[in-house]
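Structural features, examined
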Amino acid sequence: MTTTIVHPSIENLQQFSDSFDIEKLLQSKGILPWFLANGWNYDDESCLIANIIDESTSLDEVWDSKEFDFNALSDESKEKLNQIFEHFYL
């Protein structure tokens, strides 16, 4: 299976336009726009994961988080997360 990660843009966030101000979200330096653009739901879990990632200083700190069990994510979600990290942190 091949997963293509897309960069957040107005076009690929349009489906969420009722939930928040897209222009403001795209100006964010956080990872939430990446999640939403790549198929994550805009829910409490995604916001928690985004906050953990944004506040962490390393990927090891993310994976070892006490706030959320990243190992409980499906293999597909972990793969997407790793690919987003590659784009987000490069």
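The sections below set out a description of the structure shown in this document. (Residues numbered from 1 in each chain as written. Predicted model: local features only at pLDDT ≥ 70, side-chain atom pairs only at ≥ 80, totals over all residues. Heavy atoms only, no water.)

Glancing now at the overall build of the protein. Across its full length, the protein carries six helices and zero strands. Counted from the first residue to the last, the protein has its helices and strands arranged as α-α-α-α-α-α. The C-alpha atoms of the protein give 13 Å as radius of gyration, which agrees with the globular expectation for 90 residues (12 Å, within 12%). Split into buried and exposed, the 90 residues of the protein put 38% on the buried side. The contacts of the protein with a sequence gap of at least 6 include a subset with a gap of at least 24, amounting to 46%. Carbon and sulfur atoms make up 45% of the accessible area of the protein, which amounts to about 5800 Å² in all. Between the averaged position of the 5 positive side-chain charges in the protein and that of its 18 negative side-chain charges there is a distance of 3 Å. (Helix = DSSP H or I, 4+ residues; strand = E, 2+ residues; numbered from the N terminus. Rg over C-alpha atoms; globule rule 2.2 N^0.38 Å. Buried < 20%, exposed > 50% of the residue type's maximum accessible area, 1.4 Å probe, protein only. Contact = heavy atoms within 4.5 Å. Areas by Shrake-Rupley, 256 points an atom, 1.4 Å probe, with all protein chains shown as cover. Lys, Arg positive; Asp, Glu negative; His and termini not counted. Charge placed at Lys NZ, Arg CZ, Asp CG, Glu CD.)

This part covers the environment of Ser46. The topology assignment puts Ser46 in helix H4 (residues 44–55). With 25 residues separating them in the primary sequence, Ser46 and Asp21 have C-alpha atoms 17 Å apart. Each residue touching Ser46, except ones within four places of it in the same chain, is listed here: Leu32, Phe35, Trp40 and Asn41. There is a polar contact of 2.7 Å between the side chain of Ser46 and the backbone oxygen of Asn41. (Polar contact = N/O pair within 3.5 Å; in protein donor to acceptor, adjacent residues only side chain to side chain.)

Counting 24 residues, the largest nonpolar core has Ile31, Phe35, Ile53, Phe70 and Leu81 as the members making the most contacts within it. Within the residue set of this core, elements represented by two or more residues are helix H2 (22–27), helix H3 (32–37), H4 and helix H6 (75–88). At five residues, the largest contribution of residues to this core is made by H3. Setting aside its immediate chain neighbours within four residues, Ile31 contacts Ala50, Ile53, Asp54, Ile84, Phe85 and Phe88. (Core = buried A, V, L, I, M, F, W, Y, C linked by side-chain atoms within 4.5 Å.)

With that out of the way, let us pick up the side chain of Ser65. For Ser65, the location among the structural elements is in the loop between helix H5 (59–63) and H6. The exposure class assigned to Ser65 is buried, which follows from its relative accessible area of 15%. One polar contact links the side chain of Ser65 to the main-chain amide nitrogen of Glu67, over a distance of 3.0 Å. Each residue touching Ser65, except ones within four places of it in the same chain, is listed here: Ile52 and Phe70.

Turning our attention to the packing of aromatic side chains. Under the defined criterion, the tally for this structure stands at four aromatic pairs. Centre to centre, the rings of Phe35 and Trp40 are 4.7 Å apart; their planes meet at 20 degrees, and the pair counts as stacked. Assigned by exposure class, Phe35 and Trp40 land together as buried. Measuring from centroid to centroid gives 5.0 Å for Phe68 and Phe70, while their planes differ by 75 degrees, and the two rings are edge-to-face. An aromatic cluster of three or more residues is present, and its members are Trp63, Phe68, Phe70 and Phe85. (Phe/Tyr/Trp six-rings, centres within 6.5 Å; stacked < 30°, edge-to-face > 60°.)

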